[in-house]
Every structure is written in C-alpha cells, then in structure tokens.
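# Structural overview
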Amino acid sequence: MGKTIIISNRLPVQLQISNGTIDAIPSVGGLATGMKSVHSGGESLWVGWSGLTDEETPAALENEIDVALKKHGCAKIKLTEKEIEGFYFGFSNRTVWPLFHYFSEYTEFELEFWNTYKAVNQKFADAIIEKSHDNDTIWVHDYQLMLVPQMVREKRPNTSIGFFLHIPFPSYEIFRTLPWREEVLEGLLGSDLIGFHTYDYERHFLSSVRRLLGLDVSFNDVYLENRVIKVDSFPMGIDYKKFASAAKKHDSNGKDSDLQIKLNSHKQSAPGTKLILSIDRLDYSKGIAKRINAFEYFLNKYPEYKEKVRLIILAVPSRSNVPQYQLLKREIDELVGRINGELSTVNWTPIWYFYRSLPFENLIDLYTSSDIAWLTPLRDGMNLVAKEYIATRTDKTGVLILSEMAGSANEMNEALLINPNNFEEQADTLKTAITMPEEEQISRNTFLQKRLERYNVEVWANEFMGALNRKSEENEPFISQ
Ligand code: ADP
Ligand code: F6P
C-alpha cells in the first residue's frame, strides 16, 4: 500500500514573506479547512501552490520555503506571476467559477486563459508523476485542476486516481456553452472515481458526459474502452469535534478576546438585541449584497425590530485581482455605508461589517455569540459555514437561515430554508427566527448536530477513499490487459 497524495491549487497554508522571514498563514475556503483535518493525520503528502509567485520568492529562501511547507506535510508547485494570472485569476476564476455558479454574464471565454490553464495543469501533473509511485493513491481537488487526472493517467495507467469537485457542476445547458467542454470532461475521466457534493451535480455531470462525449452511462458508471469510472456524491462534512470542543472551551475559560469583549458589551448595552451573523469569502456567488438589501427590506417591513437586531457581516478578502470581486467590494462598502448612515441612531448601528480573515478563536467567538446565522448564497457547492455554526451551538440554541441554493441545504432540512432572491420570504423568516421559542431551536439543532457529528469530514474522506480503492481494484485487470 503506497501513500496518499492530495493535490489542489491551494495548500492548507499560504506563505508570506515579510522582512526576510517566512510566515505560514492558514488558508480560508472549504477545501483547505475541510481537507486540513483529513491531512493532519500525517499519512499524506499535499502538493499545491505556496501562495507566492516565482517573482515573489527570493532564490535564497527557496530551501527555507521547502522546509516551512514540509512541516505541514506539503510540497510546492512553482508558478510565475503570468501563470497565476492566466490559470488562477483567468480560466479558474473568470471562466469556470462564474460558469459553474450560473453567472453566465460574468463568464469570459479567452483562449489565452485556456492555454495557460492547460499548461499549468500539466505542471501539476508532472509534479505528481515525479513525486509518486504506481501504488500511491492520488486525490485531485477542484475546478482549478480538472485536466490533471487524464494527464497523470497517460503516464501512470495503473495508478489509482480520485477527483473531487468542491463547487457545483452546472446543468448541461450551461456547461455546453464552454468552448473546451469535451477537453474538460476527458480530463476528469482520467480518474477512477469522480465525487461531487450532491446528487444533482453528479446527475448534471453524467448528462454532459452522455450528451457531449456520447459515452455509455449506466446508473453512475461511465464506460470507457478499457475502464469504468464511478461517479458519486459525497457531501463534505466538517471536523465536528474541533468546532464543538472549541466552543465548549470558549464557554468555560472566561478569557475574552477583544472581539468577545465587544460582543459582550453589545449584549450588556442592548439587552434582548439579537445578533444575526453572516460569514463568507467576499464572492458574488455568496449573495452578500442581496442579503444586505434584504436586511433593509426587513427593517422597513418590520420597523419594530429597529434597535432590536444587528447584522454582522464578516467577509474575507478573496480573488481581489478579478474585476467582478473589486466591483462587489465597492458595492458592499457603499450599501453598508448608506444603510448605516440612514438608519443608525445614537444607540444603534444596524450593520457591523468586517472585511478581513479572522483567527479560528474569533470565528468561534462570532459563532457562539450570534443568535441567528443567515447565509444566502445564490449558488454554493456546499457551504461549510452553515455546518460550523450549528456545531458550535453547545447549548443547542440558535437559528440557521440557509439558502436552498447551497449544497448543504440538502442535509440541513431542520434549518429555515429560503430562496435568496425572495425578500418577502426572507423578511418573514428573519421574524420567525427572532421569535422562535428556545424549545423549537433546541429540537431542530439536536437533529442537525447528530447528523453533522455522524457524517463528519473524516467519514467523508474515508467513504471517498474506500470507494476509490474499490473502483481502482475493479479497473486493474482491464488496464493490465
Ligand atoms: P468557500 O469554500 O466557498 O469559501 P465554505 O463556507 O464552504 O465556502 O468554507 C469557508 C471556510 O472558510 C469555512 O471553513 C470558514 O470557517 C472559513 N472562513 C470564512 N470566513 C472566514 C474569515 N473571515 N476568517 C477565517 N476563516 C474564514
Ligand atoms: O470551496 C471552493 C473553493 O473555491 C476552493 O476551491 C477554494 O480553495 C476556496 O473556495 C477559496 O478560493 P481560493 O482558493 O480562490 O481563495
């Protein structure tokens, strides 16, 4: 039995250099936070981009960088500024991301982006081929690396290769608009097992395979000449224990962070005021601007809640070189400014807006102090924040309002599910959440917590790896013929 090699664009840590010293900052995003728990067992090697371009990497620090990454069980792929521009900011985040999240109007089809994406995927594949042996298991992650499975398969026909997509796979009608649609499907089909968060994404993928490549698909198996590829859904879980025990410790240690002091002072100065929390990367798919508008709509529809609720928006900077993200940042700054300007009173600011990444302890402060979590993605592969909020509610109180368009809504039926485009429904749901009796909160969260605890990220990874091993074994005799 060989080792497992995890491969993704983003590593669990991002390196930064300041004054000649190297800092490793934890990465934000579902892939990194989820897989980190799986990887920390120490059995795997994680290969990806360090967060520094070649131009930002002084030659004298190359060795130190390798040592810093090795401490985290990681090895780096070197990428130039130009490659990051075309591969990451370009094809990954100006083509695939908007297209797969149904933002066709933001999708750019640029041949240069595609060419760089192909070249960088080849770089990742070459690195894996160099670092792995035939009996290793390769687990490729996400939309930045969809060509890697086939590129590795060409050189290592017997290796077991799994691929997991952390974002939605769109319906055939959307996917077919991509000029390089066949190449992307063929790239993915280099895997033995392809995993998605939900059955719908799996179904959309199979439909595209059948209609665009004309391949035989039976149930969730795709038949190639010499191999059968399994396609299945594996909804990703969280490290439930980590969140629940951090919240328990937080409740009992009595040492408050600055943020906690501010949250406590809010509670003391305005007893009975409800805190509504939203946490996302600053991304148009997360529906942040619509949520702010819906909050204003709620305050106008139910003015009796003015000075009785506060919305906390924590947005973590993301992909700030992409024009749509810059425009969104401006839009949110203006919206928050306008609404706070119009509605604030001497005692009350309706929205607290933080644009930054926060350490884990502060995330726990926010989760545990908020009466309601309100998450309104317009489209989201999974949304782990929803699961993290529930896991931290040690006394089982708290209300989760969650968009139906998040993959996690499939497993979280006891949450209050909303359509993020329906302001009327959201205003009413906010009222329901604010007035929900504690017994009802406890009853809903008891079900949610049990499910999250049982289907945690470790179970998710084990189920994926188990299915991959079974499929690779089935494929072995065909390949060696
Ligand atoms: P996505 O993968 O699209 O970013 P998810 O909700 O699945 O969305 O995952 C986001 C992850 O990033 C969560 O694990 C969350 O705890 C973390 N996160 C989000 N915002 C912040 C922040 N401001 N600071 C630190 N971590 C954050
Ligand atoms: O979970 C979806 C995802 O796109 C991951 O692939 C990615 O790591 C994360 O969100 C954050 O995005 P980025 O890596 O572009 O910062």
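These remarks concern the structure in this document. (Residues numbered from 1 in each chain as written. Chains lettered and ligands numbered in written order. Predicted model: local features only at pLDDT ≥ 70, side-chain atom pairs only at ≥ 80, totals over all residues.)

A separate point is the pairing of strand S5 (residues 74-77). On S5, burial follows the alternation: Cys74 and Lys76 on one face are buried, whereas Ala75 and Ile77 on the facing-out side are not. As judged from the 4 bridges shared by strand S4 (residues 44-49) and S5, these two strands associate in the parallel manner. Looking at the pairing, Val47 lines up with Ala75 of S5. (Buried ≥ 20, exposed ≤ 12 C-beta atoms within 10 Å, placed from the backbone. Helix = DSSP H or I, 4+ residues; strand = E, 2+ residues; numbered from the N terminus. Pairing = 2+ DSSP bridges.)

What follows covers the site of ligand 2. Residues in close proximity to ligand 2 include Arg10, Gly29, Gly30, Leu31, Ala32, Asp142, His166, Ile167, Arg281, Ser318, Arg319 and Gly381, which together make up its full environment. Ranked by residues supplied to the shell around ligand 2, first place goes to helix H1 (residues 30-39) with 3 residues. (Near = placed C-beta within 6 Å.)

The next point concerns the environment of Glu55. Tracing the chain through its elements places Glu55 in the loop between S4 and helix H2 (62-71). The exposed category is assigned to Glu55, around which 10 C-beta atoms lie within 10 Å. When neighbours within four sequence positions are excluded, Glu55 is seen to be in contact with Thr80 and Glu81. (Contact = placed C-beta atoms within 7 Å.)

With their axes 9 Å apart at the nearest point, helix H11 (residues 288-301) and helix H12 (residues 323-343) run at an angle of 15 degrees to one another. Taken together, H11 and H12 sit at an angle that is classed as roughly parallel. Considering the relative orientation of H11 and H12, their crossing is left-handed. Here Ile288, Ala289, Ile292, Glu296 and Leu299 of H11 come into contact with H12, specifically with Leu328, Glu331, Ile332, Leu335, Val336, Ile339 and Leu343. (Axes fitted to C-alpha atoms, helices over the stretch in contact; angles between N-to-C directions. Parallel < 35°, antiparallel > 145°, perpendicular 65-115°, else oblique. Left-handed = near helix turned anticlockwise from the far one by under 90°.)

For the rest of this paragraph, the subject is the site of ligand 1. As a structural note, the neighbourhood of ligand 1 is formed by 16 residues, with Gly30, Thr33, Val316, Ser357 and Leu384 the closest of them. Contributions of two or more residues to the shell around ligand 1 are made by H1, strand S12 (274-281), strand S13 (309-316) and helix H14 (384-391). Here the shell around ligand 1 takes 3 residues from H14, the largest share from any one element.

The subject of this paragraph is the environment of Leu328. Tracing the chain through its elements places Leu328 in helix H12. Judged by C-beta crowding, with 19 C-beta atoms within 10 Å, Leu328 ranks as partly exposed. Along the chain, Leu328 and Glu439 lie 111 residues apart, while their C-alpha atoms are 39 Å from each other. With near-sequence residues (within four places) excluded, Leu328 lies in contact with Leu282, Tyr284 and Ala289.

For the rest of this paragraph, the subject is the nonpolar core. Core analysis: the largest hydrophobic core is formed by 125 residues, its most contacted members being Ile7, Val148, Ala386, Leu400, Ile401 and Leu402. Examining the composition of this core, we find that 8 residues originate from one element, helix H3 (residues 81-100), more than from any other. With near-sequence residues (within four places) excluded, Ile7 lies in contact with Val47, Gly48, Phe124, Ile128, Ile138, Trp139, Val140, His141, Leu145 and Val148. (Core = buried A, V, L, I, M, F, W, Y, C linked by C-beta atoms within 7 Å.)

One can describe the packing of H14 onto helix H16 (residues 438-454) by two numbers: an axis separation of 9 Å at closest approach and a directional angle of 115 degrees. The orientation of H14 relative to H16 falls into the category roughly perpendicular. At the point where H14 passes H16, the crossing takes the left-handed sense. Between H14, through Lys387, Ile390 and Ala391, and H16, the contact on the second element is made entirely by Asn445, Leu448, Gln449 and Leu452. Along the lines of polarity and charge, the residues of the contact of H14 with H16 split into 4 nonpolar, 2 polar and 1 charged. (Nonpolar A, V, L, I, M, F, W, Y, C, P; charged D, E, K, R; others polar.)

Next up on the list: the sheet that holds strand S1 (residues 4-10). What the 9 strands build is an open sheet, ordered S5-S4-S1-S6-S7-S8-S11-S10-S9; its pairing is mixed. Whereas interior strands pair on both sides, the edge strands pair on one side only; in this sheet they are S5 and strand S9 (216-218). Here the strands of the sheet are splayed against their neighbours by 20 degrees on average, with no regard to which way each runs. Both S1 and strand S6 (residues 137-141) contribute to a ladder of 4 bridges, which runs parallel. Bridged to Thr4 within S6 is Thr137.

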